[in-house]
Amino acid sequence: MAGDEVELLRAHLRSHSILRTNASTPLRGRNSLPVPWIFYSWGSTLTGTGIRLAARCLLEKLQVSFDARQIAARGFTAQPLLAACVMESEGTVRGLAVRDTKKTYGSCRLIEGCGSRDEPVVIIDDSISSGKSLKAAVAALESEGYQVEGALCLVEFPWRGGTEWARALGYRVETLFSIWDDLKMPIPPYVPTWRRIAVQWETGISVPNDLDPTTAARWAARHIQCTGRVPLPPHRLDRPYRAGGGIYVSFRNAVSNERIGRDGFWHFNPLEADVCRDIVLATAKTMRSPRLANADLDRLKIGISMFGDLEPVSPSQLDYDRCGIVVRSRVYPTKVGGALPNTQVFTSEVEQYRHARAVNAQIPAAEPHELFRHTVEKYVEPGTQWLPFGAPDDRAWRRDLNLGRVLTERARRVIDAAVAGTIVEDAPLSDELVPAALNGVAVTLWRNGVRGCWITWDGSLDDCLKRAALGALKDPRFAASKEAKGPMAVSVSLLHDRESHGVITAANAARKIRRGRDTVAVRSGSLRGVLLSHVAVHHNLDKMTFAQWALRKARIEGNGDSAVWSTLQTSTWLLAGGNVRALDFGFPVREGAGDEVGNDQALRMLADYIARHRREDGLPAYCYHPVTGREVVEGTAGRVLHALTAMVAAAAVTGNEQLRRLGADALQVAVDGIRADDELRLELPRLRGGRMAEAQLLASVARTGIALESPKIRSLANGLSKMLQDDGSITPSRRLRPSFADHDFFPGVVLLALASYANASGDLSILDRMERQFKWYTRRFRLVHPWGMVGWHPQAWALLARLSGRSEYAAFAFEIVDWALQYQHLRSGAFLSDLDPEGMSFHTAFLAEGVGEAARLAAELGDDRRARQYAGSVRLAWRFMQELLIGPDDLYCMANPILAVGGIRGSRTTSWVRIDFVSHTLEMLLKLHDISLDNRSNHGASQSEGRVAFL
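What counts as what
Residues numbered from 1 in each chain as written. Predicted model: local features only at pLDDT ≥ 70, side-chain atom pairs only at ≥ 80, totals over all residues. Heavy atoms only, no water. Buried < 20%, exposed > 50% of the residue type's maximum accessible area, 1.4 Å probe, protein only. Helix = DSSP H or I, 4+ residues; strand = E, 2+ residues; numbered from the N terminus. Pairing = 2+ DSSP bridges. Contact = heavy atoms within 4.5 Å. Core = buried A, V, L, I, M, F, W, Y, C linked by side-chain atoms within 4.5 Å.

Some details on the pairing of strand β21 (residues 489–503)
Next, step 1: Counting buried residues along β21, 11 of its 15 residues qualify, which places the element largely inside the surrounding structure.
Next, step 2: Of the pairings in the sheet, the one linking strand β19 (residues 438–446) to β21 comprises 8 bridges and is antiparallel in character. Paired with A442 across the two strands is S493, which belongs to β21.
Next, step 3: Two strands pair when backbone bridges link them, and β21 and strand β24 (residues 564–576) are joined in this way by 11 bridges, in the antiparallel orientation. Paired with S500 across the strands is S566, a residue of β24.

Structure follows, in structure tokens:
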């Protein structure tokens, strides 16, 4: 490429393609906020000099870096570049125009032009940032059968996600200039927010001294509203306060609790904090809200959140119940966002982190950023009540078993007396037992499911409890079920801290619900409906469905957009078999869960669960809904095969020959289901096959030895090996659209299956083809760190390392695990992955399988520090998984306890059990068992004994 033309283009872009904001040309970003400048390629590409230079430079880069000689463009700004490149090439390059949607008349095409599907295509554009336009162009071209080689752009905005996404899928991305390094656009430094609050100070008038923070804020707010000027800060407050991390001021309606305005700022340097000044500035910033301009401040109440010093942490150190967080981009430091603890809307560290980073800071996942944690102290005006959100969650009383016993036993005595025809003469319960704003009481009777439920409002604690207990006993909806024999468990739910949302849409009401923590109430005229918090979890309802159930219960027709909604925090205790347990997310809280179930006992429980759910053909049912007793037979074959393999492996460890035989027979059924007509495929009744299932079957056979010598299995292995593409990717077909293929889960299973087969059969020829795959997947992982690679890939690369002696394969397995451990929550043990929207799920066991295999490899290599660290991670994961293990304490709400016990719920906020939830947990425990054996066998051995030799 002629260097002088590149320099001329660089200068032309700098002079003509940067728009700067001014009074006559205000500029805004995609978030509608003002920005100082934007890249505006029109200024150059719609001039003769600029478009000629751009076309020449792009064409030379195309010739040097790509094989393609046809180019495509999508969007307005790319079209001048497309036309100029085609013209400047003098017929050596063809052009394609990509529409947003297929034209409905005329050519009726999505891709315009005379292109060839037998030749690669390069997408050109003026810039690449988030990659949204590039992704749409790739998807459109590939859907029409074109092969996309990559992308070529004038300017790159690094770390915005687009380049990383494309390169992680094997597309080549080339750009002429970086917006920062080449065009020298300045990255604005972060200026503390308090310095950027432009205010007109009131000379000579200051907020009085010795006030508490909220009274000082109210004094300042009144003055600002009346005069438009900001009073000077007081010299001192009523006592010392600490807010080294910043201050936020909030105004809410004193009656409805509706938020009217909230604003403030953080301090990254605690030495810049000044509590007196910061209260006044945060109040002034909050008063800029349009809703506060003419608001009646006497009808509002004020709360102030003071943040402790911002502490740099990793995601593993998050504490949603107690600490707020702040996320700041390392690339663009003005991108900052935070999230408070114990907030409305969500319930986990994953959601808190995602909200701060992606929603508030607008930082893409690939953009380097730093994470901070801070404490929160909440101060509210004297004499007012504030919803317990945005501050540390004081749940001590909500898990107080003594309080729970008082409440549940009182309800039990009321019920027993009513059955006996007598009256309870105990002293009434004191309202002071409950340190919260009590709104109602619910009593639920349980025997293999709900056998009565009643909610009461308006009255003392004792009065509400008695009425609710009698109502549950007489609940006509469950009259027939009460005739069944056996004792009934009793739960008491306290409904407190109601938040009224007013008339809002059902969708907005659903967004406010904390699934498993909030009871929802809806009313329209005389129609009313209430659903207790556990209903969403027990019946696996998402937030919107939960709201719709409430509408149906209230018999409100339509979508409920004219209804009045509210949510109530819910604290529940269960009395069953003489034991009292606090419930959270609809199930008993397991304090110190790590010591409750031994590993060997758990192995038997989980393996037995799989065996109990076998059907007539020996294959287990796909999933089970334990609360209703509904079993779902149909599903994906791969997950069922994974469960059978885990059951056979567990049977070998526990010495259960019957289980081993049952699993072996079922796997033979699967092998018999391989069909070899025109193309090899797996067919099993009621189950969906596919390449993933075939890969899982090969892994199962290789691990268990069942039918290993079968010609079908050799054919299966040969078919899977053909999925190792020449470019290094692993896809079922070379022509499969790369942007739509699964490049994480499926390739990991294929790698593990082929490595396992090589290990079991002794045929190591597959190792000769691994180098390209190794390069492809290391590049993908380092660019985008997909969580889908963390479960399978460490297992596969660890085995490949053993078979090949390649140290770099072992290093890659360790690299994946080391990255993942930053996201293992130290308090709960769960991995804070993006595989589940709410984060705390069975995926922790799946990910821990990879960690466990890496621990074994580290031990074999003599890397004792890493082996201990990884083993500790698996034990921590098991501690979390016991929260999801269905044990004796959970059976009160389940239709068939025998079928339910030993199941693994999908997450904290669901009750359903898919068969692979169980098998992934079982495999994790088997890894933990193997780690313990390795530690015992290597104890006292020399460094050379029991180790793997690596190249």
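Topic: unusual backbone geometry
Next, step 1: If you check the backbone angles, Q362 has positive phi at about 55° while not being a glycine.
Next, step 2: Residue position: Q362 is located in the loop between α11 (349–360) and β17 (369–374).
Next, step 3: Classification of Q362 by relative accessible area gives partly exposed; the value is 44%.
Next, step 4: Positioned with a positive phi, D497 is a non-glycine residue whose angle comes to about 50°.
Next, step 5: Position of D497 relative to the elements: it lies in strand β21.

Comments concerning the side chain of T347
Next, step 1: With respect to the helices and strands, T347 occurs in the loop between β16 (336–339) and α11.
Next, step 2: Not counting the four nearest positions on each side in its chain, T347 is found in contact with Y320, R514, R515, R517 and F585.

Here we look at the nonpolar core
For soluble globular proteins, nonpolar side chains are generally found buried alongside one another.
Next, step 1: Ranked by internal contacts, the top residues of the largest apolar core, which has 150 residues, are L697, L698, W797, M881, L922 and M924.
Next, step 2: Among residues more than four places away in sequence, those in contact with L697 are L641, A670, V671, I674, L682 and L716.
Next, step 3: Among the nonpolar cores identified, the runner-up in size contains 37 residues, and L82, V93, I124 and M185 belong to it.

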